[in-house]
Amino acid sequence: MTGTQGTGRSTSRRTVVAAAGATCLAAALAACGDSGEDSGGDAQQQPSGGDASAPESGGSSGGGGGAVLGQAADIPVGGGKVFKDQKVVVTQPTEGEFKAYAALCTHQGALLNEVADGTINCPLHHSQFAIADGSVKKGPATQPLPGAKVTVDGDSIKLG
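This structure is a prediction, so every number in the text was calculated from the model and none was measured.

1. Thoughts on the sheet that holds strand β3 (residues 88-94)
Part 1 of the reasoning: On the basis of which strands lie adjacent, the open sheet formed by three strands has the order β2-β3-β4 and antiparallel pairing. What marks the edges here is a single partner per strand, and that holds for β2 (79-83) and β4 (97-102). Between one strand and the next, the sheet's axes are offset by a mean angle of 20 degrees, whatever the strand orientation.

2. Describing the pairing of β3
Part 1 of the reasoning: Within β3, six of the seven residues are buried, which leaves it mostly tucked inside the rest of the structure.
Part 2 of the reasoning: Sheet topology places β2 next to β3; five bridges connect them, and they run antiparallel. Each bridged residue has a counterpart across the sheet, and for V82 the counterpart in β3 is V89.
Part 3 of the reasoning: Note that β3 and β4 share five bridges and pair antiparallel.

3. A look at unusual backbone geometry
Phi is mostly negative for residues that are not glycine, and the peptide bonds are mostly trans.
Part 1 of the reasoning: Residue K87 is not a glycine yet carries a positive backbone phi of 55 degrees.
Part 2 of the reasoning: For K87, the location among the structural elements is in the loop between β2 and β3.
Part 3 of the reasoning: In this model, D117 sits at a positive phi of 55 degrees, which is unusual for a non-glycine residue.
Part 4 of the reasoning: Inspection of the secondary structure puts D117 in the loop between β5 (114-116) and β6 (119-121).
Part 5 of the reasoning: By relative accessible area, which is 82% here, D117 ends up exposed.

4. Comments concerning the sheet that holds strand β7 (residues 128-130)
What holds strands together in a sheet is hydrogen bonding between their backbones, with the strands either parallel or antiparallel.
Part 1 of the reasoning: If you walk across this open sheet you meet the four strands as β5-β6-β7-β8, and the pairing is antiparallel. Among the strands making up the open sheet, the edge pair consists of β5 and β8 (136-138). Strand after strand, the sheet turns through a mean of 35 degrees between neighbouring axes, direction not considered.
Part 2 of the reasoning: Across three bridges, the pairing between β6 and β7 is antiparallel.

5. Regarding the environment of V115
Part 1 of the reasoning: Along the chain, V115 turns up in strand β5.
Part 2 of the reasoning: Each C-alpha atom, one on V115 and one on V90, is 9.3 Å from the other, the two residues being 25 residues apart in sequence.
Part 3 of the reasoning: The contacts of V115, once residues within four sequence positions are left out, are G79, G80, K81, V82, V89, I120 and I131.

About the criteria used
Residues numbered from 1 in each chain as written. Predicted model: local features only at pLDDT ≥ 70, side-chain atom pairs only at ≥ 80, totals over all residues. Heavy atoms only, no water. Pairing = 2+ DSSP bridges. Helix = DSSP H or I, 4+ residues; strand = E, 2+ residues; numbered from the N terminus. Axes fitted to C-alpha atoms, helices over the stretch in contact; angles between N-to-C directions. Buried < 20%, exposed > 50% of the residue type's maximum accessible area, 1.4 Å probe, protein only. Contact = heavy atoms within 4.5 Å.

Structure representation (structure tokens):
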């Protein structure tokens, strides 16, 4: 009578749409920085964990990356910043370690709006995600944030 035709499936349409949107966003963010050449010098990028740690000196042989999001100094240690236009959040869990995630809540796809007290926060239903790994700290979200690729080039943080 409810109009569902599943056989015991309890996944809601909202969950499916949010997951599909997050997957598409992660793929789009990953594609932004893919230049098609593999110089072997991209040790700064780790797509699965969103890690963008970069040594302070040395080997930026490609100099590449995408659009500049901001300055490393704009990302506080133990905090982060949401880049709303690019739908990405960049955090700095420990000094010099930068992580990036898709800035859409995995609960219903709302744009995350702040980083405070060690969590990335959703304004819609108040889900919270850890700045260190994107894991869920407080629901209703049940899935972690997908990682995004950023690089640190000198003082600049670049998408891709």
